[in-house]
Amino acid sequence: MRALLVVAFLMLGAASGFTEAQVRSDYQVQQEFEAEYRSILEAIRVARTVVECVEIDSRLIDLELNYREYAPMLEKALYPDGYDGGLTKARGQLDATKEKLNVIEDQYVQILQLETRVRTLATEVDSLSLLNSTLLGELQSLRGQRVKDKRAIDSLSAIVIRLRAGMRDRDRMIFAMVDSLFLQYDKDVSAMTDAERQGIAARIERRNVFSSIRQSVDDNVRFLENTSLSGSDFREISREQRDFQSKWAGLGPKLGELYIDSKSRRAEEIAAIDTMLMVWDSKLDTALWRALNQTFAERDIELPPFTSTEQFLLSLHGYLDAEIRSASETRDGSKYLRYEAFADSLWAGEIVPHWLPVMRERSLLTDDQISAIESKIDDWRSQVSPPSMLTYFIVGFFLVVVLGVLYALFRKKKPKLPPPQAPPSTN
Amino acid sequence: MRSFFLLAALVSLSSCTSLVLRPVEYAWPVERVLEVDGKGIIHDDRYMLTMNVRPLFYEETQDSVNVYGQAVRIIRDNAGYYYMTAKGFRSVYIFTESEGAMSLSSKVAVSEGPMRDPAFNQRQPYIQLLNGSNAPQMLNADGLVEEEKP
């Protein structure tokens, strides 16, 4: 009975892991460990610089971390040194190489700190990528259900907030990681030796820099396709996108120089990332126009749909012209209410503070175009506004003056009566 | 005197047959993947094992000629049984050691079709058989171990 339970447990364990990925055999794990271990020993043998020693140190730490869960199996499987013995042996050889190269400890520690940062950031980028993928999946699923109840909407909002924070952090970390990689060499790529170029290229591969950048752009595009955002959200997202673009503009040429003489496909991939960034940029504009259409529709302002600056201006000017015409022909109070709904509530309340800044920043609207719209809104106002107090005052003043003049004239035209005669005296 | 020798012989014989050393761990931590040479032989340096596997291939495929370069996967469980299989096999063969030979203890049918990517894991007290994307199976010297039905 106990044995059966053990089998059930082992099979359940195997099956649960199995549903997610194919189970790796112990032999495969051992082979992979041994391949990396042999490669590290070879790197120790040929190491000539401090940076290479730091890189090897870091690879040993990675090896230990990545295979920690298999340590008991590997301890028995690796013959004759075992797992711990093998790592100790490699570290001993690395120390001997450092000694041989007269590595200055302070310099070593400084570079090691940068490499530790690279490793930490790489781990965080990986875990954030995983989290972001899960959240994007949840977001798509919730949007697919077209949720209506408050709890689901709250949950959707919470996902969007977490996702945005996760993507922002990941983007920042990728570039910080690459910065720390290049900083260790303390020189331009053009001044690097071939060995140094190969070394940094290998480390870029090992930290999945290219796939992280691609993943990041992909996730940002998917996010834009699956969320409805407000104008102020767009402002932040647009800044993040521009920030990403400018960091890539700094990094791309460095990477290009690194792979310029190599036969690696990475040179083509750099161009592909440039294209992906352009797609991201245009998707951001598309999402912005979509959300702006939605904003007008939610306020019952019926504009013909627009997907570009020209279409937007055409729709808006058309709407304003029609309203101005209608205001001059209508005599009831509804014309003022329509003006108020557009100008005070939507334009001044939402478009001006939340949408115009991002549209200006993204060069979707110029100041002249905005002035032209606002001047038309002023025309509309003049058609619908009730007279001001000053007008009443001036009209009242003129009335008083006119009445005064009339009164004066009326008094002048009155005929003079003869003075009264004194009564005759009786003496 | 004669009875003394008889008694001494009996005592010595009984002590020989009853001496048992326990526990013994025969288990290999990880399977060995051994390539068949041109003579149908596999050899393992770590466990100092050399054997002819032509009969094994003949039993499975009825072909003992085209065996050169094939990879035989072999693992030993804690009780000392050897489990052997190879890519394209439908069965796992369980052997015990005998004098200068390996004797088949049981042949366990594990797959309806030829296995594409078999591998053994040591999962004491069992041997786990993986086969690509198929669900893992548990084995012992008696054959497949079924999961307990609730």
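Remember, predicted model here, so these are calculated numbers, not experimental data.

Colleague: Just give me the short version of the nonpolar core, but keep the residues and values in it.
Modeller: Counting 113 residues, the largest nonpolar core has Phe296 and Phe342 of chain A as its most contacted members. By residue number, the principal contributor to this core is helix α7 (residues 150-183) of chain A, which donates 13 residues. One finds Leu49, Tyr82, Phe95 and Met115 of chain B within the second-largest nonpolar core, a separate group that totals 30 residues.

Colleague: Explain the confidence of the model for chain A to me, using residue names and the numbers behind them.
Modeller: All names here are of chain A. Model confidence for chain A is summarised by a mean pLDDT of 84, while 88% of its residues fall at 70 or above. When pLDDT is averaged over each element of chain A, helix α2 (residues 26-46) comes out on top at 96 and helix α1 (residues 2-20) at the bottom at 46. Here residues 1-20 is modelled with pLDDT under 50, and outside its nearest four sequence neighbours on either side it reaches 28 contacts, counting other chains as well.

Colleague: A description of the packing of helix α11 (residues 266-298) of chain A against helix α12 (residues 309-329) of chain A should follow, citing residues and the corresponding values.
Modeller: All names here are of chain A. Look at α11 against α12: their axes get within 12 Å of each other, and the N-to-C directions meet at 15°. One finds that α11 runs roughly parallel with respect to α12. As for the relative orientation of α11 and α12, their crossing is left-handed in sense. Together, Trp289, Leu292 and Phe296 of α11 and Thr309, Phe312 and Leu316 of α12 make up the contact between the two elements. Residues that form the contact of α11 with α12 fall into these classes: 5 nonpolar, 1 polar and no charged.

Colleague: Can you tell me about the sheet that holds strand β10 (residues 137-140) of chain B, naming the residues and giving the values?
Modeller: The strands making up a sheet associate through hydrogen bonds between their backbones, and the pairing can be parallel or antiparallel. Residues and elements named next belong to chain B. Spatially, 4 strands are ordered β8-β9-β10-β11 in an open sheet, and the strand pairing comes out antiparallel. Each edge of the open sheet is held by one strand with a lone partner, namely β8 (118-123) and β11 (143-144). Bridge count for β8 against strand β9 (residues 126-131) is 6 bridges, and the pairing is antiparallel. From the neighbouring strand, Pro118 faces β9, where its bridge partner is Asn131.

Colleague: Talk me through α12 of chain A; I want residue IDs and the actual numbers.
Modeller: Residues and elements named next belong to chain A. For α12, built from 21 residues, the straight-helix expectation of 30 Å at 1.5 Å per residue is met to within 8% by its first-to-last C-alpha distance of 30 Å. Those residues of α12 that fall on the buried side of the exposure criterion are Thr309, Phe312, Leu313, Ser315, Leu316, His317, Tyr319, Leu320, Glu323, Ile324 and Ala327. Along its buried surface, α12 packs onto α11, α13 (334-361) and α14 (367-384).

Colleague: Lay out empty space enclosed by the protein with the relevant residues and their values.
Modeller: Residue and element names in this part refer to chain A. The final tally for this structure, using the stated rule, is 2 cavities of 30 Å³ or more. Space inside the largest cavity adds up to approximately 60 Å³. Residue lining of the largest cavity: Arg164, Met167, Arg168, Asp171, Asn220, Phe223, Ile237, Glu240, Gln241 and Trp280, and that is the complete set. Broken down by secondary-structure element, the contributors of at least two residues to the lining of the largest cavity are α7, α9 (209-225) and α10 (231-258). Element by element, the count of residues in the lining of the largest cavity is highest for α7, at 4 residues.

Colleague: Break down the layout of surface pockets for me, with residues and values.
Modeller: The volume enclosed by the second largest pocket comes to roughly 530 Å³. Considering the residues around the second largest pocket, the lining is formed by 15 residues, among which Asp26 and Met73 of chain A together with Pro29, Gln122 and Arg123 of chain B are closest to the centre. Mapped by element, the contributors of at least two residues to the lining of the second largest pocket are α4 (71-77) of chain A together with β8 of chain B. Examining the composition of the lining of the second largest pocket, we find that 3 residues originate from one element, α4 of chain A, more than from any other. Of the residues assigned to the lining of the second largest pocket, the class counts are 7 nonpolar, 2 polar and 6 charged.

Colleague: Could you give an account of the pairing of β9 of chain B, with specific residues and numbers?
Modeller: Residues and elements named next belong to chain B. Burial runs high along β9: 6 of the 6 residues are buried. Going residue by residue along β9, you find Tyr126, Gln128 and Leu130 tucked away on one face and Ile127, Leu129 and Asn131 tucked away on the opposite face as well. The loop that links β8 with its antiparallel partner β9 comprises 2 residues. As judged from the 3 bridges shared by β9 and β10, these two strands associate in the antiparallel manner. What sits directly across from Leu129, in β10, is Gln137. Hairpin connection from β9 to β10: 5 residues lie between these consecutive antiparallel strands, with Gly132 at a positive phi of about 55°.

Colleague: Tell me about the packing of aromatic side chains, and please be specific about residues and values.
Modeller: Residue and element names in this part refer to chain A. One pass over the full model with this rule turns up 24 aromatic pairs over all chains. On the numbers, 6.1 Å between centres and 10° between planes, the contact of Phe33 with Tyr37 is stacked. Within this pair, Phe33 and its partner Tyr37 are both found in helix α2, separated by 4 residues, close to a single helical turn. We classify Phe33 as buried; its relative accessible area is 3%. Here the aromatic rings of Phe33 and Tyr67 are separated by 5.1 Å at their centres, their planes lie at 80°, and the arrangement is edge-to-face. With a gap of 34 residues between them, Phe33 in helix α2 and Tyr67 in the loop between α3 (50-66) and α4 connect regions that are remote in the sequence. Here Phe33 and Tyr67 have matching classes, each one buried. Put simply, the rings of Tyr319, Tyr336, Tyr339, Phe342, Trp347 and Trp380 touch in pairs and so form one group of aromatic residues. When the ring centre of Tyr108 is taken as origin, the NZ or CZ atom of Lys98, which lies over that ring, is 3.9 Å away. Positioned above the aromatic ring of Phe182, the side-chain terminus of Lys254 is 4.8 Å from the ring centre.

Criteria and thresholds
- Residues numbered from 1 in each chain as written.
- Chains lettered and ligands numbered in written order.
- Predicted model: local features only at pLDDT ≥ 70, side-chain atom pairs only at ≥ 80, totals over all residues.
- Heavy atoms only, no water.
- Core = buried A, V, L, I, M, F, W, Y, C linked by side-chain atoms within 4.5 Å.
- Buried < 20%, exposed > 50% of the residue type's maximum accessible area, 1.4 Å probe, protein only.
- Helix = DSSP H or I, 4+ residues; strand = E, 2+ residues; numbered from the N terminus.
- pLDDT = per-residue confidence, 0-100.
- Contact = heavy atoms within 4.5 Å.
- Axes fitted to C-alpha atoms, helices over the stretch in contact; angles between N-to-C directions.
- Parallel < 35°, antiparallel > 145°, perpendicular 65-115°, else oblique.
- Left-handed = near helix turned anticlockwise from the far one by under 90°.
- Nonpolar A, V, L, I, M, F, W, Y, C, P; charged D, E, K, R; others polar.
- Pairing = 2+ DSSP bridges.
- Expected span 1.5 Å × (residues − 1).
- 1 Å grid on protein atoms, 1.4 Å probe; cavity = no way out; pocket = protein on both sides within 12 Å on 5 of 7 lines; lining within 4 Å.
- Points joined across faces, edges and corners; volume = space filled by probe spheres on them.
- Phe/Tyr/Trp six-rings, centres within 6.5 Å; stacked < 30°, edge-to-face > 60°.
- Lys NZ or Arg CZ within 6 Å of the ring centre and 35° of its normal.

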